[in-house]
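Coordinate inspection notes
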Amino acid sequence: MDFGLSEDQRAIQGVAEAFAAAELAPHAARWDAEAHFPVDVLRKAAELGFAGIYVREDVGGSGLGRRDAALIFEALSYGDVSTAAFLSIHNMASWMIDRFGSDELRQRYLPRLATMELIASYCLTEPGAGSDAANLSTRAVRDGDHYVLNGAKAFISGGGVSDVYVVMARTGEGGAKGVSTFVVEKGTPGLSFGAQERKMGWASQPTAQVNFDDCRVPAANRVGEEGEGFRIAMSGLDGGRLNIAACSLGGAGLALDTARAYMETRRQFGRALKDFQALQFKLADMATELEAARLMVWRGAAAMDAGDPQATRLCAMAKRFATDAGFEVANQALQLHGGYGYLKDYPLERIVRDLRVHQILEGTNEIMRVIIAREMFRG
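Let us look at the structure shown here. (Residues numbered from 1 in each chain as written. Predicted model: local features only at pLDDT ≥ 70, side-chain atom pairs only at ≥ 80, totals over all residues. Heavy atoms only, no water.)

Bridge analysis of strand β2 (residues 139-143) against strand β3 (residues 146-157) gives five bridges, and the strand direction is antiparallel. Across the sheet, R139 pairs through a bridge with N150, a residue of β3. Hairpin connection between β2 and β3: a loop of two residues separates the two successive antiparallel strands, and G144 in this loop has a positive phi of roughly 65°. (Pairing = 2+ DSSP bridges. Helix = DSSP H or I, 4+ residues; strand = E, 2+ residues; numbered from the N terminus.)

In structure tokens form, the structure reads like this:
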């Protein structure tokens, strides 16, 4: 086992850290306050190769591995969790087209997705099918050279703003085997969007319901074969879970560093906070949990890169552990600031709000436990 980074990985990490410091961190509080979606900055990130991290190079991707992606998303989230998390979703949707789409579909969409000329969204969750995603009800009926889609998707990051929607819809029997995947373009007749959701966090990215009302999609826009859609969706989520776990590492890392700096300058009872052993122990535990979470993310990334059959289980473990640990580290960092942590003058309350949803999306942490337990008992 080699826990060190290669020279190339250190360079990739350094580029991401520099970008986060220059382009994300100085604006994160304003974007959060104004609910501003910084498309111009996302396109600057794309210029560095961060919009198609593990998309193949023949269509403009960077052709990197999952550990490289984890390094990038941790570094970007240190600057702004919400914006980095949106970029992770765009990468997931783009990879699904790259991995499972026809060459014609890849060539048609991915060069523009890699530059973020086109922005992508992932559409699985429905108003009546969240954790029970295999029972989704959005339907796609074949009609000549098209499919006609009817239904709705809920909580879609980029909803109403994204240009491309990677949609899971039912083409056959009930359950997972009857689901297929489609690429639906914004502007397609029958595609509409609900009002923007008012969220606790992730304010710098739009979120809305996506509706399909006799929405005609060319059959050429189907990703993979009929009935493969749920497997495609779950394959995307394996990597998506690692990405969101890495985003938790970045946000929690900023919270930890902010708390450490505060403890060095804040004085109570005639001493700096850093001189109280109880608080030292708390900070030590926070640092330990964060390091353990990072190792779990890297382990999951290594499994994905190697095609390990245990990758799904390891990614679920990493997502469960890292998002729980990340939120707890951020929450404890806020607590160490006392009343100041509750103020928007400090980044802690924003980090706590942004990290909370990581325990819910890409599969709730309860569903992560279901996946892990299922794999344990699979004979």
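Okay, the pattern of salt bridges next. Taken as a whole, this structure holds 21 salt bridges when the rule is applied. R320 is the salt-bridge partner of D324, the closest N and O atoms lying 2.9 Å from each other. A residue pair is termed a helical-turn pair when its members lie 3 or 4 positions apart in one helix, as D324 and R320 do in helix α9 (residues 311-336) at four residues. Close ionic contact of R378 with E375 constitutes a salt bridge, the shortest N to O distance being 3.0 Å. With a relative accessible area of 55%, R378 lands in the exposed category. Here the residues in one salt-bridge network are R56, D58, D98, D103 and R106, joined through shared partners. (Salt bridge = Lys/Arg side-chain N within 4 Å of Asp/Glu carboxyl O. Buried < 20%, exposed > 50% of the residue type's maximum accessible area, 1.4 Å probe, protein only.)

Looking now at the packing of aromatic side chains. How two aromatic rings sit relative to each other is given by the distance of their centres and the angle of their planes. Following the criterion strictly, the structure yields six aromatic pairs and no others. Their ring planes at 75° and their centres at 4.9 Å tell us that F37 and F86 sit as a pair that is edge-to-face. In this pair, F37 is assigned in the loop between α2 (28-34) and α3 (39-47) and F86 in helix α5 (residues 81-100), connecting sequence segments 49 residues apart. Looking at F86, the relative accessible area reads 1%, which means it is buried. Centroid distance Y340 to Y346: 6.0 Å. Interplanar angle 55°. Geometry classified as tilted. (Phe/Tyr/Trp six-rings, centres within 6.5 Å; stacked < 30°, edge-to-face > 60°.)

Below, the discussion takes up helix α4 (residues 66-79). Compared with the 20 Å implied by 1.5 Å per residue over 14 residues, the 20 Å span of α4 between its first and last C-alpha is a close match. Counting buried residues along α4, 13 of its 14 residues qualify, which places the element largely inside the surrounding structure. (Expected span 1.5 Å × (residues − 1).)

With that settled, the discussion passes to the packing of α4 against α5. Two measures define how a pair of helices packs: the angle their axes make with one another and the distance between the axes. α5 packs onto α4 with a crossing angle of 155° between their chain directions and a minimal axis gap of 7 Å. Comparing the axis directions of α4 and α5 gives the class roughly antiparallel. Together, R66, F73, L76, S77 and G79 of α4 and V81, A84, L87, S88, N91 and W95 of α5 make up the contact between the two elements. When grouped by side-chain class, the residues that make up the contact of α4 with α5 number six nonpolar, four polar and one charged. (Axes fitted to C-alpha atoms, helices over the stretch in contact; angles between N-to-C directions. Parallel < 35°, antiparallel > 145°, perpendicular 65-115°, else oblique. Contact = heavy atoms within 4.5 Å. Nonpolar A, V, L, I, M, F, W, Y, C, P; charged D, E, K, R; others polar.)

For the rest of this paragraph, the subject is unusual backbone geometry. For residues besides glycine, phi is generally negative; the peptide bonds are generally trans as well. Non-glycine residue F155 carries a positive phi angle of around 60°. Here F155 lies in strand β3. In this structure, F269 takes a positive phi of about 55° despite not being glycine. Structurally, F269 can be placed in the loop between β9 (267-268) and β10 (271-272).

The next thing to look at is helix α11 (residues 365-377). At 3.6 residues per turn, the α-helix brings residues three or four places apart onto the same side. Relative to the 18 Å expected for 13 residues at 1.5 Å per residue, α11 spans 19 Å between its end C-alpha atoms, a close match to the ideal helical length. Within the span of α11, buried status applies to N365, M368, I371, I372 and E375. For α11, the angular spread of buried residues about the axis comes to 105°, placing them on one side. The outward face of α11, more than 90 degrees from its buried face, is lined by the exposed residues E366 and F377. Of the surrounding secondary structure, the elements contacted by the buried residues of α11 are α7 (229-265) and α9. (Arc of directions from axis to C-beta.)

Our focus in this paragraph is the packing of α7 against helix α8 (residues 277-306). Running from amino to carboxyl end, α7 crosses α8 at an angle of 160°, the nearest separation of the two axes being 10 Å. Here α8 runs roughly antiparallel to α7, going by the angle between their axes. Handedness of the α7/α8 crossing: left-handed. On α8, the residues that touch D238, G239, L242, A245, L249, A252, G253, L256, A259, R260 and M263 of α7 are L279, Q280, L283, M286, A287, L290, A293, R294, V297, G300, A301 and M304. Residue composition of the contact of α7 with α8, grouped by class: 16 nonpolar, four polar and three charged. (Left-handed = near helix turned anticlockwise from the far one by under 90°.)

What follows is about the nonpolar core. L76, L87, Y122 and V297 are the most contacted members of the largest nonpolar core, which totals 105 residues. Counting residues per element, this core draws most heavily on α7, which supplies 17 residues. Ignoring any residue separated from it by four or fewer positions in sequence, one finds Y122 in contact with I89, M92, M96, I156, V166, M168, A233 and L237. Core analysis: the second largest hydrophobic core is formed by 16 residues, A140, F182, V184 and V217 among them. (Core = buried A, V, L, I, M, F, W, Y, C linked by side-chain atoms within 4.5 Å.)

Most of strand β5 (residues 179-185) sits out of view: six of its seven residues are buried. Of the strand pairs in this sheet, strand β4 (residues 164-170) and β5 are connected by seven bridges, and their pairing is antiparallel. Counterpart to V164 in the pairing with β5 is E185. Sheet topology places β5 next to strand β8 (residues 222-223); two bridges connect them, and they run antiparallel. The residue bridging T181 from the neighbouring strand is V223, located in β8.

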